[in-house]
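So you can see what is in the structure, the chains are spelled out below.
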Amino acid sequence: MKLVGTIAVRAGRTLLLLLAAALGTILLVRFAPGYFSDPREMDAKYSAVARTEMQAETGRSRLVNRILLDEAESWLKGDFGESRQYHIPVVKLIGGRARVSVILLAKSILMGWLLALCAALPIASLRGGRVLCSLPFTVLLAIPTAAMATACIVSDSGGPVLVLSLLVGARDFKFLRSLLEGAWRSPHLLQARAQGLPTRALVFQHILPNAAPQLYALATLSIVTALGALVPVEVIFTVPGVGQLGWSAVMNRDLPVLVAVSFLMACVVGVAGLFTSRSLTSEAV
Amino acid sequence: MKVRLPMLLMALLVLGASLTLTLSRYGYSFQDRDAIQAASSPLHWSGTDELGRDRTVRVAAALLIGLTGASLAGAITTLIAAAFGLLAAFSNRAIAALLIFVSDVFLSLPWLFLLMMARSLMPLTASPLETAVATFLVLALLGWPACARAVYSGALNLRNAEWMIQGHACGLRKRQLLRMHLLPHLRPLLLPQFLICLPAFLIAEANLGALGLGIGEPLPSWGAMLLEMDNSAMLMSSHWVYLPIILLVIVLLILESISTQVEPHA
């Protein structure tokens, strides 16, 4: 019963966070200079009466509560409004692109985790030279995502998955190494090692189960890291995903698309945080 | 002792960049029309870009602008985070929960996406200096939430410390407690937060610049110089095009090394 209560409170808080993120996006765009500029006003084919009508329409849409109502109405209809630049329902724009981004993120996070785990496990068990062995990951963290992506294009090798995997892998490696180092030196593991337990058993029976809560938290961090890098990677590699759509919406002040993309990103972060938190069960039990 | 080597390296880099800017006969925006995309020569040590501007001078200027901007933005972020964290830690539970919720709203969106959104909504017609100020201001105003959470948990521990209760019992005023006891104890927490901000802000500026939302031309910046790598003709003509990215990675490694070494000392 307590678990259900905790889940309900957390879900409610996440929902509030999502609404606040969407509201923040609307306010940010509403007060951006140039948001209300209408290119039709420069067109000579429109008469003075039509221009006056356009200005009146713009004046009506300046009110924040009007924008909020319009957004809420389009969300209730399920089409998330109409894109200002493409003139099609946002839901159609996001549908196909979300699939591309989800596949890209899933591949990258999986490869990043494999890379980080495969490197962190042996390096954490080393007695010396750990800093030197970790150097490639430290250097990777110091390269901006955009530079890494550009380098891939210039050298004609690798692609968006490689860039995102390297980024996620480098970020996760840093945490995994310190986590596994601590675990490797814990008294019960020293005892198990002294008794000659094989490394595989040590890893799968002792280290990974004990580090599971931190690994769950790290999974959330991986998602946030990959989502953050999604925009430059998709823009530079011209991947038709949500990140590229978000960038295009930002550049063209396309409010309905921007709100939907922000909400989607906040959803992924919020839900990932909700499901990966093991403290949820530990709090309730 | 260990912190001194990266600090010395950083000081040497800053000194080198300052000397380059002072002693060079070219300004960072001067265009040498007779040396467009020139290779390395005694006149232009690391060649010129597609507009004939000296690359060494531009990289030196980008380094100084980046470090100055990131330091100022880092200081503002740390101040905001300190104020926010302290306010949340020393308020009643309802206000603390509200403040934490506000920071969570900022953290619910990926940082680069949030930065991109905020930066792109700045005025479209702005001078290069204004774009530089806007870029670093956006970084400063959006970089505080994670830092504030760290300050909040540190300040909570301090609030419940025995010497704090003793101070209250002795009749010290809130202002006295803050100035004489709390802030000196918070300093070891704030310094690493400030140092962590520096490489994060430099990387963010470079990423924003590469998306066309960074510092405006002709002011040199890491992001704008990364865009040079898009020009394949230039990449073929000279390997010096890679100088900005190599130097940026070196600067970031030095900053990372300073922050990781200061943290355990703190």
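Bear in mind that the values here come from a model prediction, so they are computed numbers and not experimental data.

With that settled, the discussion passes to the overall build of chain A. Of the regular secondary structure elements, chain A holds 12 helices and 0 strands. For chain A, the sequential pattern of α-helices and β-strands runs α-α-α-α-α-α-α-α-α-α-α-α. Residues counted as buried form 44% of the 285 residues belonging to chain A. Partitioning the intrachain contacts of chain A with sequence separation of at least 6 by distance along the chain shows that 71% fall at a separation of at least 24. As displayed, chain A has an accessible area near 14,600 Å², and 68% of this comes from carbon and sulfur atoms.

With that out of the way, let us pick up the pattern of salt bridges. Overall, the coordinates contain 8 salt bridges over all chains when judged by the stated rule. Residues B:Asp104 and A:Arg13 are paired through a salt bridge, measuring 2.8 Å at the closest nitrogen-oxygen approach. Of the two residues, B:Asp104 sits in helix H3 (residues 93–107) while A:Arg13 sits in helix H1 (residues 2–30), which places them in two different chains. With relative accessibility at 12%, the residue B:Asp104 sits in the buried group. Where B:Arg58 meets B:Glu217, a salt bridge forms, and the shortest distance between an N and an O atom there is 3.2 Å. Here the residue B:Arg58 occupies a position in helix H2 (residues 55–90), and B:Glu217 occupies one in the loop between helix H8 (174–210) and helix H9 (222–226), the gap between them amounting to 159 residues. Connected via shared salt-bridge partners are B:Asp49, B:Arg53, B:Arg58 and B:Glu217.

Contacts between the two partners involve 35 residues from chain B, matched on the other side by 40 residues from chain A. On the chain B side of the contact with chain A, B:Phe113, B:Leu121 and B:Leu211 bury the most area, a combined 20% of that side's loss. One can count 2 salt bridges joining chain B with chain A. For the pair chain B and chain A, the number of links is 4 residue pairs in polar contact (both at pLDDT 80 or more). For the side of chain B that touches chain A, the elements supplying multiple residues, two or more each, are H3, helix H4 (111–120), H8 and helix H11 (243–265) of chain B. Tallied by class, the residues present in the side of chain B that touches chain A amount to 29 nonpolar, 3 polar and 3 charged.

The next subject is helix H3 (residues 64–77) of chain A. All names here are of chain A. If you check H3, its first and last C-alpha atoms are 20 Å apart, about what 14 residues at 1.5 Å a residue would give, namely 20 Å. Taken residue by residue, H3 has Ile 67, Glu 71 and Ser 74 as its buried positions. All buried residues of H3 fall inside an arc of 65 degrees around its axis, so they share one side. Among the exposed residues of H3, those pointing more than 90 degrees away from its buried face are Asn 65, Leu 69, Leu 76 and Lys 77. Positive phi shows up at Gly 78, right after H3, with a value of about 95 degrees.

Positionally, B:Leu235 belongs in helix H10 (residues 232–237). Expressed as a C-alpha distance, the spacing of B:Leu235 and B:Glu162, which sit 73 residues apart in the sequence, is 63 Å. Residues within four places of B:Leu235 in sequence aside, it is in contact with A:Val154, B:Met229, B:Val241 and B:Tyr242.

Packing of helix H10 (residues 242–251) of chain A against H4(B) brings their axes to within 9 Å, and their N-to-C directions diverge by 20 degrees. The angle between H10(A) and H4(B) falls in the class roughly parallel. Viewed along their axes, H10(A) and H4(B) form a crossing whose handedness is right-handed. Residues A:Gly246, A:Trp247 and A:Val250 of H10(A) form the contact with H4(B), whose participating residues are B:Phe113, B:Met116, B:Met117 and B:Ser120. When the residues that make up the contact of H10(A) with H4(B) are grouped by side-chain class, the tally is 5 nonpolar, 2 polar and no charged.

This part is about the side chain of B:Ser259. Counting through the fold element by element, B:Ser259 comes out in helix H11. Assessed through its relative accessible area of 5%, B:Ser259 is described here as buried.

Let us look at unusual backbone geometry. Both trends apply: most residues other than glycine have a negative phi, and most peptide bonds are in trans. For the bond from B:Glu217 to B:Pro218, the omega torsion is 5 degrees, close enough to zero to count as cis. Relative to the helices and strands, B:Pro218 is located in the loop between H8 and H9. With a phi angle near 55 degrees, A:Asp156 is a residue other than glycine that sits in the positive phi range. Tracing the backbone through its elements, the reader meets A:Asp156 in the loop between helix H6 (145–155) and helix H7 (160–184).

What follows deals with H1(A). With 29 residues, H1(A) should cover 42 Å at 1.5 Å per step; its first-to-last C-alpha distance of 42 Å lies within 8% of that length. Considered for burial, the residues of H1(A) that qualify are A:Thr6, A:Thr14, A:Leu17, A:Leu18, A:Ala21, A:Ala22, A:Thr25, A:Ile26, A:Val29 and A:Arg30.

Take the nonpolar core next. By size, the foremost hydrophobic cluster in this structure holds 127 residues, and its most contacted members are A:Val261, B:Leu63, B:Phe113, B:Leu115, B:Met116 and B:Leu202. Broken down by element, this core gets its largest block of residues, 14 residues, from helix H9 (residues 199–236) of chain A. If we ignore the near neighbours within four places in the chain, the residues touching B:Leu115 are B:Val138, B:Leu139, B:Leu142, B:Ala204 and B:Leu208.

Moving on, we get to the packing of H2(B) against helix H5 (residues 128–142) of chain B. Residue and element names in this part refer to chain B. Where H2 contacts H5, the axes come no closer than 8 Å and their chain directions differ by 30 degrees. Considered as vectors, H2 and H5 are oriented roughly parallel to each other. H2 and H5 meet at a crossing whose hand is right-handed. Counted together, Ile 65, Gly 66, Gly 69, Ala 70, Ala 73, Ile 76, Thr 77 and Ile 80 of H2 and Phe 136, Leu 139, Ala 140 and Leu 141 of H5 form the full contact between these two elements. Here the residues of the contact of H2 with H5 are counted per class, giving 9 nonpolar, 3 polar and no charged.

Taken together, the side chains of B:Leu5, B:Leu8, B:Leu9, B:Leu12, B:Leu15, B:Leu19 and B:Leu23 make up a nonpolar region of the molecular surface, amounting to roughly 720 Å² of accessible area. As for its position among the elements, B:Leu12 is in helix H1 (residues 4–23).

This part takes up the packing of aromatic side chains. All names here are of chain B. This structure, assessed with the given rule, holds 5 aromatic pairs over all chains. Seen from their ring centres, Tyr 26 and Phe 30 are 5.5 Å apart, and the 20 degrees between their planes marks the pair as stacked. Its relative accessible area of 43% is what places Phe 30 among the partly exposed residues. Joined through ring pairs, the aromatic side chains of Phe 84, Phe 106 and Trp 144 make up one cluster.

Calculation notes
Residues numbered from 1 in each chain as written. Chains lettered and ligands numbered in written order. Predicted model: local features only at pLDDT ≥ 70, side-chain atom pairs only at ≥ 80, totals over all residues. Heavy atoms only, no water. Helix = DSSP H or I, 4+ residues; strand = E, 2+ residues; numbered from the N terminus. Buried < 20%, exposed > 50% of the residue type's maximum accessible area, 1.4 Å probe, protein only. Contact = heavy atoms within 4.5 Å. Areas by Shrake-Rupley, 256 points an atom, 1.4 Å probe, with all protein chains shown as cover. Salt bridge = Lys/Arg side-chain N within 4 Å of Asp/Glu carboxyl O. Buried area = accessible area lost by both parts, 1.4 Å probe. Polar contact = N/O pair within 3.5 Å; in protein donor to acceptor, adjacent residues only side chain to side chain. Nonpolar A, V, L, I, M, F, W, Y, C, P; charged D, E, K, R; others polar. Expected span 1.5 Å × (residues − 1). Arc of directions from axis to C-beta. Axes fitted to C-alpha atoms, helices over the stretch in contact; angles between N-to-C directions. Parallel < 35°, antiparallel > 145°, perpendicular 65-115°, else oblique. Left-handed = near helix turned anticlockwise from the far one by under 90°. Core = buried A, V, L, I, M, F, W, Y, C linked by side-chain atoms within 4.5 Å. Patch = residues over 30% accessible without salt bridge, like charges linked within 9 Å, V, L, I, M, F, W, Y side chains within 5 Å. Phe/Tyr/Trp six-rings, centres within 6.5 Å; stacked < 30°, edge-to-face > 60°.

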